[in-house]
Amino acid sequence: MAQRAELLPGTLDLLILKAVSLGALHGYGILLRIEQISGGALTIEQGALYPALYRLERQGLLDTEWGASDSNRRAKFYRLTPSGRKRLRAETEGWNRIVFAMAAALKARPEEV
Amino acid sequence: MLRKFRSLIGDIFRRSRFERDMTEELQFHLDRRTEDLIASGLSPEEATRRARIEFGGVERYREECRDARRLQPVDHLCRDLRYAARMLRRNPAFTLITIVTLALGIGANTAIFSVVRGVLLRPLPVDGIDRLVVVRSDLPGLGVVDVGLTGLSTTDLNGRRDLFEHFGGWAPDSYNLTSLNQPQRISAAQTVGDFFEVFWVRAHLGSLYTPEHSQSGRHFVAVLSHGFWQRAFGGDRGVIGRKLELNAQRYEILGVLPREFRYPRNVDIYVPMERDTRQYGNAMAVTAIGQIRPDLTTTPLARQLETESPGWAEKYGIPQAFGFTLRALPFTRFNAGQLRPVLLVLLGAVGFVLLITCVNVAGLQLLRSLAQQREFAVRVALGAGRWALVRQTIVQSVTLSVVGGVGALAIGLFAVEAVKKFAPEKYPQLEAVDLDAAVLLATGVLAIFAGLLAGLAPALRVMRVNVDENLKEARRSATTGARRHRLLSGLAVAQTALALVLVTGSVLMFRTLERLLTSDLGFHTNHVVSMEITLAGPRYARSPVIGFIRELDDRLERGHGIEAAGMTSNLPLSGSANSSPFTITGRPDGLGAEQRHADMRMVSSGFFRAMGIPLLRGRMFSAADIDGAPLVCLIDKQLAQQFFGNEDPIGKEISQGRPAIIIGMVGSLSHGDIGRRRRPRSTTRSSSIRLIAWRS
């Protein structure tokens, strides 16, 4: 079993936006996509996904539509809005900067200080 | 923004659809997860269980979803209200008792507050009533305090634009109105200065007279109160310019006042006070009211008037020794008079009643919430936040108190009607009492406040619900029992303490009342009845009046069931006093030879017997004292002690306008207000008699 990490606060939104940016998905599909793209390394309590989705929808970053799932059941599909796409880009950049900075900081050796 | 708003509105109105969609969405998730787990080789039962565990508390996430959509407040409130309604319906006995308790507690406050509002806060429907001040005069050197101003000084203060925007006043009077179908007595206010301007009042019809109409000759003009206009003229708009015969003088009707303006209370007609008369210049009978300048407040104004008082005294020839002082106080306070302390005490008392009510209701709710412990515990275990439970408890409590508040309004309405119906004539201020918007608002606020307060203890209890213990259905442990006990006994202690305060207060109030009722007024109050007549004006020249009075006196004395009858110009405790200066012949006293004050009333010889006032020295009036004989008078014991000391007053001559020889001394009367200092008075014999008292 791969080693699992708790999500950092605030990262769930980013992961959802990323997952949905690859195509419209229902809630369970988003969960699977996140597990897939993170290589199963990130876990969340599954229920926690939904408050986040509702919040992003309210913020106008996600659009929803009821449609038929692959098993032909009615399901609610989430899709990225233009402002959601913009947000994803901005957050990704911010995230990368932090990761870079953190990595650099943690690599620092005594003689570099 | 608009989109957000629209979606919010949409969600509020399609609440059930939102819930249905959410349920379906979450169920879809759980079902798909279960299917996937089965596919990975788990048994259906195990898969269902695992899917639920992985998902976490469904109830909690549903709640968070609602939060995320910011539907929380509206949504929660609706749900809590529904829940509260359900719980209350399920326990009708509890619900009824709490609601009735709250209705009584809040209702007492509604009733008293409507009286406080009508009497203390807004006795007249005038905006800026808090900018009105009343100016009174004190003459401590004479033992005379809290009397009005003269017409002259009222006019002078009306000239002080540095202090007042407008200044005016009124003195009570009454007339015989003879130009209408039937002769009738009407009550009047003689006004001085900018009386109408002070109250921002405009004519409903016609126009109002001005201070210039006080000039002799121009003063035969009148303004009607709305009530009198309706009663006497049936609201005829043609009354303007018509003549009224008052005490056989013709007055022209200039205008009619608006319905809302009812000050002074029960006045039918307003006439200007004639200038250059004795009443205008000397009698301190004017209730003087000023509209204070916007840049001033009552306190500096009062200080300014006090500083100026010696100057005014000098101007009016009042000896310094009398300590003449002008005193300003808020109009609302003056108008409330003796009702003010009583009302404030009552307000405090009903406040305590409400506190006790809250404690009672808190106790009731607490007992009931103990019965609900298990339910609460289950809901906490299912993921309901404690905050949600607290909120629910409080919503339930407030629901109860708001329903109680509606009952309180009914009680308040009933009380207001009762107050109006049974108000003693002495307190016409009570007529302004009404259940208006402010009272409604106050009741609402009070109801919500009471609900919050009464919900506090049960809410605290809910915060501490012990999930484990309650779910295990173990016997209630000693610790929870003790804690519960502590809260309940705390409430009991609070209740007892509050009740004690209330009981002590009631006893004290009762004692005060008892003392007032049994205080020695100086005359009998039992089996004494009175009526009022006016025989004034040119039609009643001196001799017919004397004849009329003599005959009336005779007939009353011989009347069936009447023990004694007499007449007086001012009935004791009637509130009307005629305080004016007098001199003692042959005693300049270095006090400027003038300005000794005493209340004077004219009486018939039967008056003292009818009122049960004892003759202490000298003799009563006799038949020989009438007409042509030298004027004689009686003085009361207090006047004798104050101005004659050890000297025998009998045979001395005093003069209040006309000299009169003192023939006797009678017991002192309590004047005006019970419980206040008595004022010395003299009593003379004269013709213009206005009041009769007889003893049956």
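Parameters at a glance
- Just so you know, the residues in each chain are numbered from 1, in the order the chain's sequence is written.
- Here chains are named by letter from A upward and ligands by number from 1 upward, in the order in which they appear as written.
- For this predicted model, a pLDDT threshold of at least 70 governs which residues receive local features, and a threshold of 80 or more governs which side-chain atom pairs are given and counted, while totals over whole chains, interfaces and linings are taken from all residues.
- Think of the side-chain values as coming from all heavy atoms in the structure, minus any hydrogens and water.
- Secondary structure elements follow DSSP: runs of H or I of four or more residues count as helices, runs of E of two or more count as strands, with numbering from the N terminus.
- Burial status follows relative accessibility: with a 1.4 Å probe on protein chains alone, a residue under 20% of its type maximum counts as buried, one over 50% as exposed, and anything between as partly exposed.
- The contact rule is simple, with two residues in contact once any of their heavy atoms fall within 4.5 Å.
- Areas reported here follow the Shrake-Rupley algorithm with a probe of radius 1.4 Å; residue values treat only the protein chains shown as occluding.
- Per residue, pLDDT measures the predictor's confidence, with a range of 0 to 100.
- Salt bridges are defined by distance alone: a side-chain nitrogen of Lys or Arg within 4 Å of a carboxyl oxygen of Asp or Glu.
- Each patch is built from salt-bridge-free residues with over 30% relative accessible area, joining like charges within 9 Å and nonpolar side chains (Val, Leu, Ile, Met, Phe, Trp, Tyr) within 5 Å.
- For two strands to be treated as a pair, DSSP must find at least two bridges joining them.
- Within this scheme the basic residues Lys and Arg register as positive and the acidic residues Asp and Glu register as negative, but His and the chain ends are omitted.
- Charge coordinates come from a single atom per side chain, which is NZ of Lys, CZ of Arg, CG of Asp or CD of Glu.
- In this description, a nonpolar core means a group of buried Ala, Val, Leu, Ile, Met, Phe, Trp, Tyr and Cys residues linked to one another through side-chain atoms lying within 4.5 Å.
- Here an axis means a line fitted to C-alpha atoms, over the contact stretch when the element is a helix, while the angle between two N-to-C directions is reported on a 0 to 180 degree scale.

## Considering the overall build of chain A
Step number 1: Each helix and strand in chain A was counted, giving four helices and five strands.
Step number 2: When its helices and strands are written in sequence order, chain A yields β-α-β-α-β-α-β-β-α.
Step number 3: For chain A, the residues scored as buried account for 41% of the 113 residues in total.
Step number 4: Excluding contacts between residues fewer than 6 apart, the proportion of contacts in chain A whose partners are at least 24 apart in sequence is 51%.
Step number 5: Just so you have it, chain A exposes about 6,700 Å², and 55% of that area is on carbon and sulfur atoms.

## Some details on the overall build of chain B
Step number 1: A tally of regular secondary structure across chain B gives 21 helices and 21 strands.
Step number 2: Within the span of chain B, comprising 696 residues, buried residues form 47% of the whole.
Step number 3: Within chain B, counting contacts between residues at least 6 apart in sequence, those at least 24 apart form 77% of the total.
Step number 4: Of the roughly 33,600 Å² of accessible surface on chain B, a fraction of 58% belongs to carbon and sulfur atoms.

## Overview of the confidence of the model for chain A
Step number 1: Per-residue confidence for chain A gives a mean pLDDT of 83, with 90% of residues at or over 70.
Step number 2: The lowest-confidence element of chain A is strand E1 (residues 5-6) of chain A, averaging 58 in pLDDT; the highest-confidence one is strand E5 (residues 74-80) of chain A, averaging 90.

## Considering the pattern of salt bridges
All names here are of chain B.
Step number 1: Per the stated rule, a full pass over the model turns up 28 salt bridges over all chains.
Step number 2: In this structure, the salt-bridge partner of Arg242 is Asp236, at a minimum N-O distance of 3.7 Å.
Step number 3: Judged by relative accessible area, which is 38%, Arg242 ranks as partly exposed.
Step number 4: For Asp236, a relative accessible area of 34% gives the class partly exposed.
Step number 5: In this structure, Glu647 engages Lys652 in a salt bridge whose closest nitrogen and oxygen atoms are separated by 3.4 Å.
Step number 6: The exposure class assigned to Lys652 is partly exposed, which follows from its relative accessible area of 26%.
Step number 7: Residues joined by salt bridges that share partners form a network here, namely Arg136, Asp138, Asp146 and Arg327.

## What to know about a nonpolar patch on the surface
Residue and element names in this part refer to chain B.
Step number 1: A contiguous nonpolar patch, built from Leu355, Phe449, Leu453 and Leu456 and spanning about 330 Å² of accessible area, is present on the exposed surface.
Step number 2: Looking at the nonpolar patch element by element, the count peaks at three residues for helix H16 (residues 437-463).
Step number 3: As for its position among the elements, Phe449 is in helix H16.
Step number 4: Residue classification places Phe449 among the partly exposed positions, given a relative accessible area of 44%.

## Points about the side chain of His226(B)
Step number 1: Examined against the element boundaries, His226(B) turns out to sit in helix H9 (residues 226-233).
Step number 2: When near neighbours in sequence (up to four residues on either side) are disregarded, His226(B) contacts His204(B), Val256(B), Leu257(B), Pro258(B) and Arg259(B).

## A closer look at unusual backbone geometry
Residue and element names in this part refer to chain B.
Step number 1: A cis amide bond links Tyr263 with the next residue in sequence, Pro264, at an omega value of -10 degrees.
Step number 2: Inspection of the secondary structure puts Pro264 in the loop between strand E8 (249-256) and strand E9 (269-272).
Step number 3: Within the chain, Asn266 stands out as a residue other than glycine whose phi angle is a positive 60 degrees.
Step number 4: In this model, Asp276 sits at a positive phi of 60 degrees, which is unusual for a non-glycine residue.
Step number 5: Along the chain, the position of Asp276 falls in the loop between E9 and helix H10 (278-281).

## Quick notes on the pairing of strand E4 (residues 184-193) of chain B
Residues and elements named next belong to chain B.
Step number 1: Burial of E4 is extensive: seven of the ten residues sit out of reach of the surface.
Step number 2: The sheet contact formed by strand E3 (residues 164-177) and E4 spans ten bridges and is antiparallel. Pairing of Leu177 across the sheet is with Gln184, part of E4.
Step number 3: Hairpin connection from E3 to E4: six residues lie between these consecutive antiparallel strands.
Step number 4: Direction of pairing for E4 relative to E9: parallel, over a ladder of four bridges. Looking at E9, one finds that Thr191 is bridged to Pro272.

## Description of a positive patch on the surface
Step number 1: There is a patch of like positive charges on the surface, built from Arg82(B), Arg86(B), Arg89(B) and Arg90(B).
Step number 2: The exposure class of Arg82(B) is exposed, given its relative accessible area of 52%.

## Describing the nonpolar core
Step number 1: Residues Val135(B), Leu139(B), Phe164(B), Leu301(B) and Leu305(B) are the most contacted members of the largest nonpolar core, which totals 39 residues.
Step number 2: Core analysis: the next-biggest nonpolar cluster, separate from the first, contains 34 residues, Val20(A), Ile34(A), Tyr54(A) and Leu30(B) among them.

## Structural notes on the sheet that holds strand E2 (residues 25-26) of chain A
Residues and elements named next belong to chain A.
Step number 1: Reading across from one edge, E2-E5-E4 is the order of the three strands in this open sheet, with antiparallel pairing throughout. Each of the sheet's edge strands pairs with one partner strand only, and the pair in question is E2 and strand E4 (62-68).
Step number 2: Pairing geometry for E2 and E5, over two bridges, is antiparallel. Paired with His26 across the two strands is Phe77, which belongs to E5.
Step number 3: The strands touched by helix H3 (residues 49-58) within the sheet are E4 and E5, with E5 carrying the most contacts at an inclination of about 55 degrees.

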